[in-house]
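Here is how the chains run, residue by residue.
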Protein chains: 2
Amino acid sequence: VADQAFVTLGTDDVYCQGALVLGQSLRNHMTSRKLAILITPQVSSVMRAVLCSVFDEVIEVDAIDSADSMHLALLERPELGVTFTKLHCWTLTQYSKCVFMDADTLVLCNIDELFEREELSAAPDSGWPDCFNSGVFVFRPSVETYNRLLQFATEHGSFDGGDQGLLNSFFSNWATTDIGKHLPFIYNLSTSAIYTYVPAFKHFGRDAKVVHFLGSAKPWHYKYNSQTRTIMQDGSTSGSQHQYSFLVLWWKIYYASILPLLETLPEMEDMESQGQKDETTHLISELSTQLELEEPNAEEERKKWEEGRMDYMGKDAFEHIKKKLDTFLK
Amino acid sequence: VADQAFVTLGTDDVYCQGALVLGQSLRNHMTSRKLAILITPQVSSVMRAVLCSVFDEVIEVDAIDSADSMHLALLERPELGVTFTKLHCWTLTQYSKCVFMDADTLVLCNIDELFEREELSAAPDSGWPDCFNSGVFVFRPSVETYNRLLQFATEHGSFDGGDQGLLNSFFSNWATTDIGKHLPFIYNLSTSAIYTYVPAFKHFGRDAKVVHFLGSAKPWHYKYNSQTRTIMQDGSTSGSQHQYSFLVLWWKIYYASILPLLETLPEMEDMESQGQKDETTHLISELSTQLELEEPNAEEERKKWEEGRMDYMGKDAFEHIKKKLDTFLK
């Protein structure tokens, strides 16, 4: 189905690795739809090349320059910049219908049936269940809707400062009007829900179709032992075998399909310069380095990581990379 | 409307005090419906008399003896005993339609419009939002439904060991079939949701109609200063002014309307014996005593309290009660 697509968003190289695993998980389960990713300018050229091997379309969006209406809106409400990035998905009018999925989601089976749903279909948020969670939603690209969203955002802002608050205010009848627009929770099973109502997870969790690593601990924040195929656990995961199995699955896909892409890329014909080779090696090392951070500064390092602030002169310097790679990939 | 009722459940004297505050809150907001309470045998005779002054009907249910079908069911699955107590609400066939409310809920405004909804209407559970929370639900009493529920329970049990798991399995199409049966979350706003998605609470919480003190910390577990009309806070409430205001409201109703009932009752004509007088005084003192427990054994004491195991020979002995009352009610 060429005019329908799964759409995700990569705001930096780290989240793009999440997006790659998501994209690969969709491919592994034989989706018949296109895969598209929106990226922001700070995504590196090497990462863009890797994204092209998993996604059918890699589309750069720039919060400031991409549209006059966006520009004006952001002048009034600069704090909505990140929120607005996701809204760009409505501009993908080459598609008649899309399913948006956050880069921290993972598909467990074929979910193409979601395209039978109408805009705006989404699963309830487990924190405030009259809101939908904006990590997975069905939408129809439309410039008109896009402009109305921008207009609404500048007039009303977002009650939570993010896209979820904005989209829930805009599609405000979700909770009360059409049960068909309530996706079953198993299409956006937030890992935090596993803790808040364990018996329900044990009863319904086996039917999970999409898992959403909600919260600050993303799969790429854990340490993975590729030899034993296990994750070095800290306190936060020890409580749940189920959460653990989702993390292992994420890493299994990362190692089987994404890491090889990052490794082989510098040998591609159009990627011969040493500069780009370094960049690729660097990409791999970042994840490895992050995974071996010790506790004391882990949170601070994670924050930097998520903000895309790499330590090019320090721990991420080239001499460290080679050493890490040797021990990590042997 | 004489053939419709709000129904609650009191499984011991402590929960009955929650039920009294709930009942009073419904009266304060001028409900046009009857108030009914199901109680179990361990509720004291004094408490029953107090309940009669707030509720139109006080109905003792006994998990073992009230019905042959119940008896048989429990022989097979004794662990479902507590669950089955709530199911008795379907036997109240003197009413055409009812709204069940847990004893740890509190009404903030008139909610009689709930009777326009059909069985089984309920609000989503914030832990697993494809389940409804069974703290507030609209139902139609029916012996047939009651028997089918018992039958279902003995065959399938309850996935969470409680009434919520059972009712969700029985009314299993709630999540997918009729949006009209999804009560807005503001009709069963679990206080835990205030923490999990603060921005949503700040945005939607002002419309709250029913608050549900979900979890182990019930309003009657806090210490209240009746002079300053404030609650002595521990760590668990310091995070939220909103949660705090709901607690203060509960205690305000308790002090204004429920405590006077407990105090004046022994002077009622049919309650002259010294034995019953002691029992009443004891009731009041229990709450006061509980509130002044020191930290080290608070959790253990709370557990005993919730299980209805009072320390009649120790801290709850009569000589202690008088002293407590003097300092507390002066």
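One structure accompanies this document, and this report is about it. These figures come from a predicted structure and were not determined experimentally.

The rules behind these values
Residues numbered from 1 in each chain as written. Chains lettered and ligands numbered in written order. Predicted model: local features only at pLDDT ≥ 70, side-chain atom pairs only at ≥ 80, totals over all residues. Heavy atoms only, no water. Helix = DSSP H or I, 4+ residues; strand = E, 2+ residues; numbered from the N terminus. Buried < 20%, exposed > 50% of the residue type's maximum accessible area, 1.4 Å probe, protein only. Contact = heavy atoms within 4.5 Å. Areas by Shrake-Rupley, 256 points an atom, 1.4 Å probe, with all protein chains shown as cover. Buried area = accessible area lost by both parts, 1.4 Å probe. Salt bridge = Lys/Arg side-chain N within 4 Å of Asp/Glu carboxyl O. Phe/Tyr/Trp six-rings, centres within 6.5 Å; stacked < 30°, edge-to-face > 60°. Pairing = 2+ DSSP bridges. Right-handed = clockwise from strand over helix to strand, strands pointing away. Polar contact = N/O pair within 3.5 Å; in protein donor to acceptor, adjacent residues only side chain to side chain. Expected span 1.5 Å × (residues − 1).

### As for the overall build of chain A
For chain A, the count of helices and strands is 12 helices and 11 strands. Here chain A holds 330 residues, and the buried ones make up 57% of them. Pairs at least 24 residues apart make up 71% of the contacts formed inside chain A by residues separated by at least 6 positions. For chain A, the exposed area adds up to about 13,800 Å²; of that, 51% sits on carbon and sulfur atoms.

### Describing the interface of chain A and chain B
Every contact between the two is made by 33 residues of chain A and, on the other side, 33 residues of chain B. In this assembly, chain A packs against chain B so that about 2,600 Å² is buried in total across both faces, 72% of it on carbon and sulfur atoms. For the chain A face of the interface with chain B, the top three residues by lost area are Trp128, Ile179 and Tyr197 of chain A, together amounting to 32%. Seen at the junction of chain A and chain B, the total is 0 salt bridges.

### A look at the packing of aromatic side chains
The relative placement of two aromatic rings is captured by the distance of their centres and the angle of their planes. On inspection of all chains with the given rule, the structure shows 48 aromatic pairs over all chains. Between Phe6 of chain B and Phe115 of chain B, the aromatic rings sit 4.9 Å apart at their centres with planes inclined by 80°, giving edge-to-face as the arrangement. Placement of Phe6 of chain B in strand β1 (residues 4-10) and of Phe115 of chain B in the loop between β5 (105-107) and β6 (121-124) is noted, with a sequence separation of 109 residues between them. A relative accessible area of 2% places Phe6 of chain B in the buried class. One aromatic cluster in this structure is built from Tyr15, Trp220, Tyr224, Trp250, Trp251, Tyr254 and Tyr255 of chain A.

### A look at the pairing of strand β2 (residues 34-39) of chain A
Residues and elements named next belong to chain A. Of all 6 residues in β2, 5 are buried, a share of seventy percent or more. Where strand β1 (residues 4-10) lies against β2, 6 bridges are found, and the strand directions are parallel. Among the inter-strand pairings, Leu9 is bridged to a residue of β2, identified as Leu38. As a crossover connection, the stretch from β1 through helix α1 (residues 13-28) into β2 is right-handed. One ladder, built from 4 bridges, connects β2 with strand β3 (residues 57-60); its direction is parallel. Paired with Ala36 across the bridge in β3 is Glu57. What joins β2 to β3 is helix α2 (residues 45-54), and the crossover it makes is right-handed.

### Focus on the pattern of salt bridges
One pass over the structure, following the stated rule, counts 16 salt bridges over all chains. Where Asp102 of chain A meets Lys86 of chain A, a salt bridge forms, and the shortest distance between an N and an O atom there is 3.0 Å. With Asp102 of chain A in the loop between β4 (97-101) and β5 (105-107) and Lys86 of chain A in helix α4 (residues 81-87), this pair connects stretches of sequence that are 16 residues apart. Lys86 of chain A carries the same exposure label as Asp102 of chain A, and that label is buried. A salt bridge links Glu113 of chain B to Lys209 of chain B, with the shortest nitrogen-to-oxygen separation between them at 3.9 Å. Highlighted residues: Glu113 of chain B in the loop between β5 and β6 and Lys209 of chain B in the loop between α8 (198-204) and β9 (210-212), separated in sequence by 96 residues. A relative accessible area of 27% places Glu113 of chain B in the partly exposed class. Each member of the salt-bridge network shares a partner with another, and the members are Lys86, Asp102 and Asp163 of chain A.

### Notes on the environment of Asn168 of chain A
All names here are of chain A. Mapping Asn168 onto the fold places it in helix α6 (residues 163-170). Between the C-alpha atom of Asn168 and that of Ala208, which follows or precedes it by 40 residues, the distance is 24 Å. Residue contacts for Asn168: discarding those within four places in its chain leaves Asp130, Cys131, Phe132 and Phe159. At 2.9 Å, the side chain of Asn168 forms a polar contact with the backbone oxygen of Gln164.

### Considering the side chain of Thr85 of chain B
Within the fold, Thr85 of chain B resides in helix α4 (residues 81-87). Residue contacts for Thr85 of chain B: discarding those within four places in its chain leaves Leu9, Leu38, Thr40 and Val61 of chain B.

### Section: helix α5 (residues 143-156) of chain A
Residue and element names in this part refer to chain A. Taking 1.5 Å as the rise per residue, α5 with 14 residues should run 20 Å; its terminal C-alpha atoms sit 20 Å apart, in good agreement. Turning to α5, its buried residues are Thr145, Tyr146, Leu149, Leu150, Phe152, Ala153 and Thr154. In the segment just after α5, Gly157 is the residue with positive phi, at about 65°.

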